[in-house]
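Chain by chain, the residues:
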Amino acid sequence: MAAAAVWQVVALPAAAERLRIATGELPPYATASRPDQGIALAVIRAAFERVGVEVAYTFLPWGRAQEEARTGRYHGTAHWGRRPDREQDFLLSDNVLTEQWVLLHRAGVALDWQRLDALAPLRIGGVRTYTYTPEFHALAASGALRVDWVPDDLSLLRMLVAGRVDVVPLDRNVACYLLEQHFKPEDWPRIAANPKLITEVFTTHLMLSKRLPDSAARMQRFNRGLAQLRSSGQYQRLVGSIECRAGLAKAAIR
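Residues numbered from 1 in each chain as written. Predicted model: local features only at pLDDT ≥ 70, side-chain atom pairs only at ≥ 80, totals over all residues. Heavy atoms only, no water.

Looking at the packing of aromatic side chains
No. 1: Under the definition given, this model contains 8 aromatic pairs.
No. 2: With centroids separated by 5.9 Å and ring planes inclined at 85 degrees, the aromatic side chains of Trp-101 and Tyr-130 adopt a geometry described as edge-to-face. With a gap of 29 residues between them, Trp-101 in strand S6 (residues 101–106) and Tyr-130 in the loop between strand S7 (123–126) and helix H4 (134–142) connect regions that are remote in the sequence.
No. 3: Centroid distance Trp-101 to Tyr-132: 5.5 Å. Interplanar angle 85 degrees. Geometry classified as edge-to-face. (Phe/Tyr/Trp six-rings, centres within 6.5 Å; stacked < 30°, edge-to-face > 60°. Helix = DSSP H or I, 4+ residues; strand = E, 2+ residues; numbered from the N terminus.)

Looking at the state of the cysteines
No. 1: The full count for this structure, using the stated rule, is 1 disulfide.
No. 2: There is a disulfide in this structure between Cys-176 and Cys-244, and the S-S distance comes to 2.1 Å. Taking the torsion about the sulfur-sulfur bond, which here is approximately -105 degrees, the covalent link between Cys-176 and Cys-244 counts as left-handed. Within this pair, whereas Cys-176 is found in helix H6 (residues 172–182), its partner Cys-244 is found in the segment after helix H8 (234–239), the two being separated by 68 residues in sequence. With respect to burial, Cys-176 and Cys-244 carry one shared label: buried. (Disulfide = S-S within 2.5 Å. Buried < 20%, exposed > 50% of the residue type's maximum accessible area, 1.4 Å probe, protein only.)

Overview of the pattern of salt bridges
No. 1: Counted according to the given criterion, the structure contains 14 salt bridges.
No. 2: Of the charged contacts in the structure, one is a salt bridge between Glu-68 and Arg-64, with a shortest N-O distance of 2.9 Å. Here Arg-64 and Glu-68 lie together in helix H2 (residues 62–70), a separation of 4 residues that amounts to about one turn.
No. 3: Here Glu-68 falls in the buried class, since its relative accessible area comes to 12%.
No. 4: In this structure, Glu-87 and Arg-82 form a salt bridge, with 2.8 Å as the shortest nitrogen-oxygen distance.
No. 5: Ionic contacts of the salt-bridge type, sharing partners, join the residues Glu-17, Asp-214, Arg-218 and Arg-221 into one network. (Salt bridge = Lys/Arg side-chain N within 4 Å of Asp/Glu carboxyl O.)

Interpretation note: all reported values are geometric properties and have no functional meaning in isolation.
If you want it as structure tokens, here you go:
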């Protein structure tokens, strides 16, 4: 008599959900030039991995990244500062990382400030689409601050090195990267960084489109993964400490 066949049911792991995230170039936080695609994007990827979600990043101009994510062509976009207008169209995550926004100035300019309106006598450079702080934009709109608007951070630094402006607000780590990549070492001493932060609450976030029905559930999973990442110690290893060969002073983080 032939032996009865024995069938064994093997449970296969469920395929991980794959999300398409639009982003832009802001090294060292987000960039196609690094193996990890940037510190902030590495944090987001690792947090999603904790909850079984894979992400694929597409690099676009920042404005286009936000617009195409808003319409639902991408599941979301990263990483962005919190602003009321963004909360109209997106769900914003818990804090991915806090950027270090300081005032960079020409080395020959003495800069000792407590309030932004103390910058009134100086020529200031800025990027109009950046968050900065509500106070900065209000002072610029009223004319209390003289701001020359340019399209990007590299343009800001070039103006500062050339002496066409006296001071610019910029994330310290971004400034270090750009100075090292795009300027000669003899240019570095022309720029100094005041260690006082413009704001101590410049948090940055993953944004998921409100137009997509699963965004709320995805955001809950992401925030859970991000909390696990922080408690495990992996978050601290990913963010690390960025050295600055260009010699800019470290931000005074409390």
